[in-house]
Amino acid sequence: MDLRYTEAEEAFRQELRDWLGKVLPALPPKPDPADWPGRRAYDTGWQRTLYDAGYADLHGNAPPTQRLIFLEETERAGAPYVGANFVGLLHAGPTIAAEGTPEQRERWLPPILRGDEVWCQGFSEPEAGSDLASLRTRAVRDGEDYIVSGSKIWTSHAEVADWCELLVRTGPAATGPKHRGITWLAMPMDAPGITVRPLRTLAGTAEFAEVFLDEVRVPAANRVGAENDGWRVTMVTLSFERGTAFVGEVVACRRVLGELARAAKETGAWDDPVLRRRLGRLAAEFSVLWRLIQWNVSAGEPGVGGSVFKLRYSHVRQELYDTAADILGPRALDLGGGRPWTADRLSSLSYTIAAGTSQIQKNIVAERILGLPKGR
């Protein structure tokens, strides 16, 4: 793979840069972090701006190099990220593009790209987190519908979502591997029988929720993939989540690292050779992660390469914000205005758990890349 950009790609970069320079100063102020209806309106408004300018599909069907350039330039310019749109744009949308029928792609992809509809993720359950295949939410076929009962937890953006990418059990779990009998459904969040209870995080926001499902009817036409083949479809979703959904964050982390280097020079911490080596190693880590991203994006669906990336990125991000705390001292404890160092550090603690724990990623790498036997 040639990792250099062509003249045409650099021309695309300059065009994007020029456009960002014109539109970003005109954006309204960002809403309060706790105002999720306001944040939804802000994020979907930005997505509509991208759509009208022809940049909306750069998360999906565009050439890999254009996608990388788009993410580099929007992050460096301080443009809004996907925000409340992240499940639709980075998880559900790519899964539907890869696994959905032509009718499903026509129904759901344009509203996602326009920012008309927001998705949430209904995968984890109170007793099925890392061991996702143990999920118990049940769907029983009744004519042209599934009747769904159960509960989900850590449901990202459920309180402002229009749709949910939902995993349900349609086959028996008692016989055979528990990965069988799972089905991937698109559930409308305004269906009768759905109760959403927001969950507050350490940083004080409520981007997650518990969702309770009491005989919710979901049309069978909303099933993506075959009945009982949902685990395979889920692996497609997770490969996008682990392999390409964090691309913008890596660009942001490299920018943060530059901010920390400047802060270290201002405070005199730069004189410490141990700290300089620490910052240098982090710079090398993020440089390698960016190269891995280039490889994953070029591959289309990241596959097991996504687990390699997710495993290392989760720990390096935590190291980055631990280093920030050492350099900034009391400034790193402010949850208020300005740079949200404390919120970012608290958020980094979740990365070794979210989107599949580090232990799960190690198992995937061991079994599917190194060819080691499955653990018991």
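To be clear, the structure that these remarks concern was listed above.
All chains use their own residue numbering, which begins from 1 and follows the written sequence. Given that this is a predicted model, residues contribute local features only at a pLDDT of at least 70 and side-chain atom pairs are listed and counted only at 80 or more, while totals for whole chains, interfaces and linings are drawn from all residues. The side-chain quantities take in all heavy atoms of the structure and omit both hydrogens and water.

Caption draft 1: Expanded view of the overall build of the protein. Check the secondary structure of the protein and you find eleven helices and eight strands. Each residue is placed in one exposure class: buried if its accessible area under a 1.4 Å probe, protein chains only, is under 20% of its type's maximum, exposed if it is over 50%, and partly exposed if it falls in between. Scored against the burial criterion, the 376 residues of the protein give a buried share of 48%. Across the protein, contacts joining residues at least 24 apart in sequence account for 72% of those joining residues at least 6 apart. Only the protein chains shown count as covering a residue, and every accessible area follows the Shrake-Rupley method with a 1.4 Å probe. Carbon together with sulfur atoms contributes 54% to the accessible area of the protein, which is approximately 17,600 Å² in total. Per the convention used, a helix needs a DSSP run of H or I reaching at least four residues, while a strand needs a run of E reaching at least two, with both numbered from the N terminus. Two residues form a contact once any of their heavy atoms are found within 4.5 Å.

Caption draft 2: Quick peek at the pattern of salt bridges. Salt bridges are defined as contacts in which a side-chain nitrogen from Lys or Arg sits within 4 Å of a carboxyl oxygen from Asp or Glu. Overall, the coordinates contain 22 salt bridges when judged by the stated rule. With a closest N to O distance of 2.9 Å, E10 and R13 form a salt bridge. Highlighted residues: E10 and R13, both in helix α1 (residues 7-23), separated by three residues, approximately one helical turn. Among the residues examined, E10 registers a relative accessible area of 35% and is labelled partly exposed. The salt bridge partner of R217 is D142, with a shortest N-O separation of 2.5 Å.

Caption draft 3: The nonpolar core, seen in detail. In terms of nonpolar packing, the biggest core is built from 40 residues, with W19, W46, L260, F286, Y313, L320 and I327 touching the most fellow members. If you list the elements that add at least two residues to this core, you get α1, α2 (36-53), α3 (64-76), α7 (247-267), α8 (273-298) and α9 (305-328). The element best represented in this core is α7, accounting for nine residues. Residues within four places of F286 in sequence aside, it is in contact with V250, C253, R254, L257, Y313, V316 and L320. Counting residues in each nonpolar core, the second largest holds 26 residues, with I96, A128, L167 and W184 among its members. Only buried residues count toward a nonpolar core, which is a set of Ala, Val, Leu, Ile, Met, Phe, Trp, Tyr and Cys residues joined through side-chain atoms within 4.5 Å.

Caption draft 4: Here's a closer look at α2. Helix span, expected: 1.5 Å multiplied by one less than the number of residues in the helix. Its 18 residues place the ends of α2 26 Å apart at the C-alpha level, agreeing with the 26 Å of an ideal helix rising 1.5 Å per residue. Looking at the buried side of α2, the elements it contacts are α1, α3, α4 (86-99) and α5 (102-114). In this structure D35 caps α2, since a side-chain oxygen of it lies 3.0 Å from the backbone nitrogen of G38. Remark: G54 follows α2 within two positions and exhibits a positive phi of approximately 90°. Here a polar contact is taken to be a pair of N or O atoms separated by no more than 3.5 Å, where protein atoms must pair a possible hydrogen donor with a possible acceptor and residues adjacent in sequence count only if both atoms sit in side chains.

Caption draft 5: Spatial organisation of a nonpolar patch on the surface. Patch membership requires over 30% relative accessible area and the absence of a salt bridge. Like charges are linked within 9 Å, and nonpolar side chains (Val, Leu, Ile, Met, Phe, Trp, Tyr) within 5 Å. Together, V308, I369, L370 and L372 give the surface a local cluster of nonpolar side chains, amounting to about 340 Å² of exposed area. Inspection of the secondary structure assignment puts L372 in the segment after α11 (358-369). Relative accessible area serves as the criterion here: at 45%, L372 is assigned to the partly exposed category.

Caption draft 6: Region of interest: the packing of aromatic side chains. Whether two aromatic rings pair depends on their centres lying within 6.5 Å, for rings of Phe, Tyr and Trp, where Trp uses its six-membered ring; planes under 30 degrees apart make the pair stacked, over 60 edge-to-face, and the rest tilted. Evaluation of the coordinates by the stated rule reveals eight aromatic pairs. Both rings, one in F12 and one in Y55, keep their centres 6.2 Å apart while their planes meet at 65°; by these two values the pair is edge-to-face. Of this pair, F12 sits in helix α1 while Y55 is found in the loop between α2 and α3, placing the two residues 43 residues apart along the sequence. Using a relative accessible area of 11% as the deciding quantity, one classes F12 as buried.

Caption draft 7: Structural detail: the environment of P80. Inspection of the secondary structure puts P80 in the loop between α3 and α4. Taking C-alpha positions, P80 is 7.1 Å from W46, a pair spaced 34 residues apart along the chain. Ignoring anything within four residues of it in the chain, the contact list for P80 reads L24, L27, Y42 and W46.

Caption draft 8: Structural context of the pairing of strand β3 (residues 145-152). Strand pairing is defined by DSSP finding a minimum of two bridges between the two strands. In the sheet, strand β2 (residues 138-142) pairs with β3 via five bridges, with the strands oriented antiparallel. When the sheet's bridge partners are listed, R141 is paired in β3 with Y146. Pairing analysis gives seven bridges linking β3 to strand β7 (residues 208-219), with the strands arranged antiparallel. Looking at the pairing, Y146 lines up with V218 of β7.

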